[in-house]
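Structural description and commentary
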Amino acid sequence: MSAGTPKSLPSSGQKSIQEMCHPLSAEEPVLPPSPDGGSNTNTKDLSLPNGNAVDTSSPASSSSLLNRLQLDDDLDGETRDLFVTVDDPKKHVSTMETYITYRVSTKTTRTEFDLPEYSVRRRYQDFDWLRNKLEDSQPTHLIPPLPEKFVMKGVVDRFSEEFVETRRKALDKFLKRVADHPVLSFNEHFNVFLSAKDLNKRQGLALLSKMGESVKYVTGGYKLRVRPVEFAAMGDYLDVFTQKLGTIDRIAQRIIKEQSEYLVELREYGPVYSSWASSEEALQEPLDGVAGCVANCSSALEELTEDMSEDFLPVLREYILYIESMKNVLKKRDQVQAEYEAKLEAVAFREDKKTPMPTDVEKCQDRAECFNADLKADWDRWQNNKRQDFRQLLTGMADKNIQYYEKCLAAWESLIPLLQDKQEAKVETN
């Protein structure tokens with residue numbers, strides 16, 4: 001590299017991922033493998049919530065995973081080695097507080113775990129702790145969002161069965177997304193979350209990695225000149241996607257509100273026909289039939305409204321939160337690139353043009369390049385997941401609407417034979 005000529009930051013990196021140091025990693029160079037086949041890379045001690053120390057050699061980036069994991073979004077059941085589920089919500093009442101815990105069950109064949117199966121109980125704030133630790137220790141990666149504190153507007157009783165089930169599904173999806181990620185799933189804090197019986201978050205607060213610390217302190221004084229085209233396109237896409245999802249979310253909520261109001265009217269509408277039938281002997285059967293049809297239509301509409309509230313809206317809100325997470329990662333990437341550009345500019349204007357490029361500038365470039373590689377890998381993964389999720393969501397919504405109209409049609413068609421019988425009886429009487 002020429003000492004006096006600024007070097008532009010390539011969007012895809014000039015080195016292969018295998019050759020790059022992980023962004024914001026320790027300043028020590030990567031040591032070659034030892035002759036016995038082991039690794040000379042120093043491992044970091046991690047304190048479990050119970051106070052025990054754990055030695056972990058889990059990879060910290062996609063660059064260290066390429067030789068041991070296939071980066072495939074559609075892993076089948078035979079190649080996956082970590083399965084996590086969230087179920088069995090339970091309400092806990094004490095003198096100080098009332099809260100819900102969920103059972104987190106894990107099955108794995110990974111050597112990082114001492115046992116093949118675990119079952120622990122976690123509350124919402126434990127999931128929040130995990131996400132914060134993932135953000136701190138893996139700043140170059142997209143961390144899946146958690147459900148909001150209140151996932152549906154207007155919900156007052158956070159201990160209601162509907163609310164708890166909606167949250168359980170969201171927490172289950174959060175852990176599954178982390179477990180399926182080729183980097184996040186090897187995070188030591190994720191291991192602790194899945195395996196430790198008692199999660200002492202106070203101890204965990206001190207477990208900030210060098211990567212997380214570095215990103216936090218990179219922000220001061222650096223301003224990015226121009227975001228590379230491909231990352232600028234990501235930002236533009238996220239802005240448009242946010243607008244579209246926000247509009248759909250508002251309209252969907254309005255539809256649900258109108259359906260709920262219509263449902264109230266239907267429930268009052270049917271009994272009127274039943275009351276009428278009791279005083280009209282000649283019309284008793286058709287009036288009772290209409291009352292039954294209205295009741296069936298009410299049940300079908302109630303199911304459709306519940307499906308939209310419990311299945312459709314949560315997916316929209318998850319991706320709205322996902323967008324915010326992606327924007328945060330983009331900002332961190334910009335900060336790392338801005339630091340590199342500032343260092344490069346300082347080198348370009350130095351008086352001694354013959355001295356070689358400082359090592360810290362080259363390391364900063366490696367961090368920025370690897371940040372780009374990690375972000376683009378997560379972007380592709382996120383796009384694949386988004387296509388699958390929305391394909392399933394829209395197909396399911398279409399099926400639910402078809403079923404709703406089929407039930408309503410079948411209910412009213414059942415009246416036709418009854419009315420025809422009445423008409424024939426009337427003709428015979430005349």
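Residues numbered from 1 in each chain as written. Predicted model: local features only at pLDDT ≥ 70, side-chain atom pairs only at ≥ 80, totals over all residues. Heavy atoms only, no water.

1. Focus on the nonpolar core
Formally: Put simply, a nonpolar core is a bunch of buried Ala, Val, Leu, Ile, Met, Phe, Trp, Tyr and Cys residues held in one set by side-chain atoms that sit within 4.5 Å of each other. A simple rule labels every residue: compare its accessible area, found with a 1.4 Å probe on the protein chains alone, to the largest value its type can have, and call it buried under 20%, exposed over 50%, or partly exposed in between. The helix count covers DSSP runs of H or I at least four residues long, the strand count covers runs of E at least two residues long, and both are numbered beginning at the N terminus.
Membership of the largest hydrophobic core comes to 29 residues, with the highest contact counts inside it found for Val-104, Phe-127, Leu-175, Phe-190 and Phe-193. Elements with a contribution of two residues or more to this core: β3 (82–93), β4 (98–108), β5 (117–123), α1 (124–137), α2 (161–180) and α3 (188–195). Within the second largest apolar cluster, 27 residues are counted, among which are Phe-241, Leu-316, Tyr-322 and Ala-368.

2. Some thoughts on the environment of Val-226
Examined against the element boundaries, Val-226 turns out to sit in the loop between α5 (210–218) and α6 (229–279). A relative accessible area of 59% places Val-226 in the exposed class. In this structure, the C-alpha to C-alpha distance between Val-226 and Ala-338, residues 112 residues apart in sequence, is 9.2 Å.

3. Quick word on α2
Heads up, the rule is: Helix span is expected to be 1.5 Å times the residue number reduced by one. When checking whether two residues touch, look at their non-hydrogen atoms; a contact exists if any pair is within 4.5 Å.
An ideal rise of 1.5 Å per residue puts 28 Å on 20 residues; α2 measures up with 28 Å between its terminal C-alpha atoms. Among all positions in α2, only Phe-163, Val-164, Thr-166, Arg-167, Arg-168, Leu-171, Asp-172, Phe-174, Leu-175, Arg-177, Val-178 and Ala-179 are buried. The elements touched by buried residues of α2 are β3, β4, α1, α3, α7 (284–348) and α8 (359–413).

4. Observations regarding the state of the cysteines
Rules: Cysteine sulfurs are considered disulfide-paired once they come within 2.5 Å of each other.
Inspection of every chain in the model, using the stated rule, returns zero disulfides. For Cys-293, which is in no disulfide, the shortest distance to another cysteine sulfur is to Cys-297 and amounts to 6.6 Å. Given the relative accessible area of 2%, Cys-293 is considered buried.

5. A word on the side chain of Thr-101
With respect to the element layout, Thr-101 can be found in strand β4. Residue classification places Thr-101 among the buried residues on the basis of a relative accessible area of 7%. Those residues in contact with Thr-101 that lie beyond four places of it in its chain are Asp-88, Pro-89, Lys-90, His-92, Arg-121, Arg-122 and Arg-123.

6. Some words on the sheet that holds β4
Quick note on the threshold: Strand pairing is assigned whenever DSSP identifies at least 2 bridges connecting the two strands. An axis is simply a line fitted to the C-alpha atoms; with a helix, the fit covers only the stretch in contact. Between two such axes, the angle follows the N-to-C directions and lies from 0 to 180 degrees.
The strand order across the open sheet formed by three strands is β3-β4-β5, and the pairing between neighbours is antiparallel. The open sheet has two free edges, formed respectively by β3 and β5, since each of these has just one partner strand. Within the sheet, the average angular offset between the axes of one strand and its neighbour, ignoring direction, is 20 degrees. In the sheet, β4 pairs with β5 via seven bridges, with the strands oriented antiparallel.

7. Side note on a negative patch on the surface
Quick note on the threshold: Candidate patch residues must exceed 30% relative accessible area and have no salt bridge, after which like charges are joined if within 9 Å and Val, Leu, Ile, Met, Phe, Trp or Tyr side chains if within 5 Å. Note on areas: these come from Shrake-Rupley sampling with a 1.4 Å probe, and a residue is covered only by the protein chains present in the view. We count a salt bridge whenever a side-chain nitrogen from Lys or Arg sits within 4 Å of a carboxyl oxygen from Asp or Glu. In this tally, Lys and Arg are treated as positive and Asp and Glu as negative; His is ignored, and so are the chain termini. The atoms used to mark charge sites are NZ of Lys, CZ of Arg, CG of Asp and CD of Glu.
The grouping of Glu-258, Glu-261, Glu-265 and Glu-268 at the surface amounts to a negative patch. Mapped onto the secondary structure, Glu-268 falls in helix α6.

8. Some thoughts on the packing of aromatic side chains
The line we're drawing: The rule is short: rings of Phe, Tyr and Trp, with Trp giving its six-membered ring, pair when the centres are within 6.5 Å, and they are stacked under 30 degrees, edge-to-face over 60, tilted in between. For a Lys NZ or an Arg CZ to count as sitting over a ring, it must be within 6 Å of the ring centre and within 35 degrees of the ring normal.
Considering all chains together, one arrives at 15 aromatic pairs under this definition. An angle of 55 degrees between the planes, with centres 5.9 Å apart, marks the rings of Phe-113 and Tyr-118 as tilted. Comparing Phe-113 with Tyr-118, the two get one shared label, buried. Ring centres 6.5 Å apart and planes at 85 degrees place the aromatic pair Tyr-237 and Trp-382 in the edge-to-face group. Residue Tyr-237 is located in helix α6, and its partner Trp-382 is located in helix α8; the two are separated by 145 residues in the primary sequence. Exposure remark for Trp-382: the relative accessible area of 1% places this residue in the buried category. Here the basic side chain of Arg-123 rests over the ring of Tyr-99, its NZ or CZ set 3.9 Å away from the ring centre. Sitting above the plane of the Phe-241 ring, Lys-386 keeps its charged end 5.3 Å from the centroid.

9. Focus on the side chain of Lys-386
The condition that has to hold: Residues adjacent in sequence count toward polar contacts only when both atoms are side-chain atoms; beyond that, a polar contact is any pair of N or O atoms within 3.5 Å, and within protein one must be able to donate a hydrogen and the other to accept it.
If you trace the backbone, Lys-386 turns up in helix α8. One buried charge, Lys-386, has no salt-bridge partner; the nearest side chain with opposite charge is Asp-389, at 9.5 Å. For Lys-386, the side chain forms a polar contact with the side chain of Gln-383, separated by 3.1 Å. Filtering out sequence-adjacent residues up to four positions away, Lys-386 remains in contact with Tyr-237, Phe-241 and Tyr-319.

10. Notes on the environment of Gly-289
Structurally, Gly-289 is set in helix α7. Note on Gly-289: relative accessible area 18%, which makes it buried. Residues Gly-289 and Ala-411, 122 residues apart in the sequence, show an inter-C-alpha distance of 9.1 Å.

11. Points about the pattern of salt bridges
Applying the stated criterion across every chain yields a total of 21 salt bridges. For Asp-88, the salt bridge is made with Arg-121, and the minimal N-O distance between the two is 3.2 Å. Here Asp-88 is found in strand β3, whereas its partner Arg-121 is found in strand β5, with 33 residues between them in sequence. Salt-bridge contacts for Asp-334 lead to Arg-227; the nearest nitrogen and oxygen are separated by 2.5 Å. Here Asp-334 is found in helix α7, whereas its partner Arg-227 is found in the loop between α5 and α6, with 107 residues between them in sequence. Sharing partners across several salt bridges, the network here consists of Lys-173, Arg-177, Glu-318 and Asp-389.

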